[in-house]
Amino acid sequence: DCRHCRGRRTRVDGPFACRHCPRSRIAMPLVTLWQRTACTKAIPLRPLQKAICDVFGTSPKTTKLLHARVDEWTDEFSEDVYVSIRAKATPDRTREVVSDNMARIQKAFADHDLVANVRLETYVGDHFFHLPPKIDEK
């Protein structure tokens, strides 16, 4: 059951959230994909979003991928893409689980012939704020 709804609704979007709960909708993993401008490899956002959603047990509505190109960065690794993820810290996201999830995400990029340098940072949910744009109801 959803811990936010206190068990009144069935969990559907992940281990600790349901699609009906307003708090669960703002606890999305935010994924920024940094790629050098000179790198010509395509980054298939939709398939990678699906793979990351599978890892986190979320839906595309709650998992946003941002693709940014930069002219240069320091050459510590020979990655095609630097993947920076911010996700809510939950009791089930132990160091072992997070490490396994990062390896699964790295493999998802490798399946598309991309070398990914993956960084994942968790945050405490009460210290997170989100103000989405108003939805124009027509």
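In what follows, the accompanying structure is described. For clarity, every value in this text was computed on a predicted model and none was experimentally measured. (Residues numbered from 1 in each chain as written. Predicted model: local features only at pLDDT ≥ 70, side-chain atom pairs only at ≥ 80, totals over all residues. Heavy atoms only, no water.)

**Section: the nonpolar core**
In a soluble, globular protein the nonpolar side chains are often hidden away together inside.
Then step 1. Of all hydrophobic cores here, the largest spans 21 residues; its most connected members are Leu-33, Phe-56, Val-83, Ile-85, Ile-105 and Phe-109.
Then step 2. Those elements giving two or more residues to this core turn out to be β1 (30-36), α2 (45-56), β3 (81-88), α3 (95-110) and β4 (116-123).
Then step 3. Take this core: its biggest share by element is 5 residues, from α2.
Then step 4. In this structure Leu-33 touches Ile-43, Leu-45, Leu-65, Leu-66, His-67, Ala-68, Val-81, Tyr-82, Val-83 and Phe-109, once residues within four positions along its chain are discounted. (Core = buried A, V, L, I, M, F, W, Y, C linked by side-chain atoms within 4.5 Å. Buried < 20%, exposed > 50% of the residue type's maximum accessible area, 1.4 Å probe, protein only. Helix = DSSP H or I, 4+ residues; strand = E, 2+ residues; numbered from the N terminus. Contact = heavy atoms within 4.5 Å.)

**Thoughts on the sheet that holds strand β2 (residues 64-70)**
Then step 1. Spatial ordering of the open sheet is given by β2-β1-β3-β4, a layout of 4 strands whose pairing is mixed. Two strands in the sheet have a free side with no partner beyond their single neighbour: β2 and β4. For this sheet, the mean angle separating the axes of adjacent strands, direction not counted, is 15°.
Then step 2. Of the strands in this sheet, β1, β2, β3 and β4 are in contact with α2, which crosses β2 at around 130°.
Then step 3. Sitting on the sheet, α3 touches β1, β3 and β4, and the angle it makes with β4 is about 145°. (Pairing = 2+ DSSP bridges. Axes fitted to C-alpha atoms, helices over the stretch in contact; angles between N-to-C directions.)

**Quick notes on the side chain of Gln-49**
Then step 1. Within the secondary structure, Gln-49 is located in helix α2.
Then step 2. With relative accessibility at 9%, the residue Gln-49 sits in the buried group.
Then step 3. Within the local environment of Gln-49, its side chain forms a polar contact with the backbone oxygen of Pro-60, the two atoms lying 3.3 Å apart. (Polar contact = N/O pair within 3.5 Å; in protein donor to acceptor, adjacent residues only side chain to side chain.)

**Thoughts on α3**
Then step 1. Here α3 contains 16 residues, and its C-alpha end-to-end distance of 22 Å stays within 8% of the 22 Å for a straight helix at 1.5 Å per residue.
Then step 2. Along α3, the positions that sit buried rather than exposed are Val-98, Asn-101, Ile-105, Ala-108 and Phe-109. Mapping the buried residues of α3 onto a view down its axis gives an arc of 95°, with all of them on the same face. In α3, the exposed positions that point more than 90 degrees away from the buried face belong to Arg-95, Glu-96 and Lys-107.
Then step 3. Buried residues along α3 sit in contact with β1, α2, β3 and β4. (Expected span 1.5 Å × (residues − 1). Arc of directions from axis to C-beta.)

**Observations concerning the environment of Leu-66**
Then step 1. Its place among the elements puts Leu-66 in strand β2.
Then step 2. Take Leu-66: its relative accessible area is 36%, and that puts it in the partly exposed class.
Then step 3. Distance from Leu-66 to Leu-33, taken between C-alpha atoms, is 6.0 Å for residues 33 residues apart in sequence.
Then step 4. Once residues within four sequence positions are removed from consideration, Leu-66 is found in contact with Leu-30, Val-31, Thr-32 and Leu-33.

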